[in-house]
Amino acid sequence: MNETNRWRPGEIVPQSGIYACDCGREHLWSKSTDVRGHHFPPLPYDCSGKAWTLRTQAHPDDD
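Keep in mind that this is a model prediction, so the values were computed, not measured.

K.L.:
Could you clarify how one ought to interpret the overall build of the protein chain in this entry?
P.N.:
Along the protein chain, the regular secondary structure elements total zero helices and four strands. Counted from the first residue to the last, the protein chain has its helices and strands arranged as β-β-β-β. Looking at the 63 residues of the protein chain, the share that counts as buried comes to 32%. Counting contacts in the protein chain only where the partners sit at least 6 residues apart, residues at least 24 apart contribute 58% of the total. By element, 51% of the accessible surface of the protein chain is carried by carbon and sulfur atoms, the whole surface being about 4,500 Å².

K.L.:
Just to check I follow, could you spell out the side chain of Thr 53 for this structure?
P.N.:
Among the secondary structure elements, Thr 53 is positioned in strand β4 (residues 52–57). Exposure remark for Thr 53: the relative accessible area of 2% places this residue in the buried category.

K.L.:
Any chance you could explain the pattern of salt bridges here in plain terms?
P.N.:
Two side chains bearing opposite charge may form a pair once their charged atoms approach each other closely. Enumeration over the complete set of coordinates arrives at one salt bridge. Asp 22 is the partner of Arg 6 in a salt bridge, and the nearest nitrogen-oxygen pair spans 3.1 Å. Separated by 16 residues along the polypeptide, Arg 6 in strand β1 (residues 6–7) and Asp 22 in the loop between β2 (17–21) and β3 (31–34) bring together distant segments of the chain. The class of Asp 22 is partly exposed, set by a relative accessible area of 24%.

K.L.:
What exactly am I supposed to notice about the sheet that holds β3 here?
P.N.:
Picture the strands of a sheet paired through backbone hydrogen bonds; they go either parallel or antiparallel. Spatially, β1-β4-β2-β3 is the arrangement adopted by the four strands of the open sheet, whose pairing is antiparallel. The open sheet has two edge strands with one neighbour each: β1 and β3. Here four bridges tie β2 to β3, and the two strands are oriented antiparallel to one another. Bridge pairing in β3 places Ile 18 opposite Thr 33.

K.L.:
Is there a simple way to think about the pairing of β2 in this case?
P.N.:
One face of the sheet, then the other: side chains in a regular strand alternate in exactly this way. Burial runs high along β2: four of the five residues are buried. Bridge analysis of β2 against β4 gives five bridges, and the strand direction is antiparallel. Residue pairing across strands places Ile 18 opposite Thr 56, the latter belonging to β4.

Calculation rules
- Residues numbered from 1 in each chain as written.
- Predicted model: local features only at pLDDT ≥ 70, side-chain atom pairs only at ≥ 80, totals over all residues.
- Heavy atoms only, no water.
- Helix = DSSP H or I, 4+ residues; strand = E, 2+ residues; numbered from the N terminus.
- Buried < 20%, exposed > 50% of the residue type's maximum accessible area, 1.4 Å probe, protein only.
- Contact = heavy atoms within 4.5 Å.
- Areas by Shrake-Rupley, 256 points an atom, 1.4 Å probe, with all protein chains shown as cover.
- Salt bridge = Lys/Arg side-chain N within 4 Å of Asp/Glu carboxyl O.
- Pairing = 2+ DSSP bridges.

If you want it as structure tokens, here you go:
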């Protein structure tokens with residue numbers, strides 16, 4: 001995956017949507033709904049990933 005499609009915890013959310021951690025595991029809190037302009041939350045405590053990736057865009061027509 002391209003580094004520009006991954007965001008680390010604490011970075012500003014570029015686009016509202018549902019984000020998932022990049023570890024590839026399905027754990028209890030592996031997805032997060034984030035609002036553009038807010039900061040990404042920490043990754044789940046048991047996550048081996050390093051970043052969030054966009055899974056579902058909230059407003060695809062707002063580009």
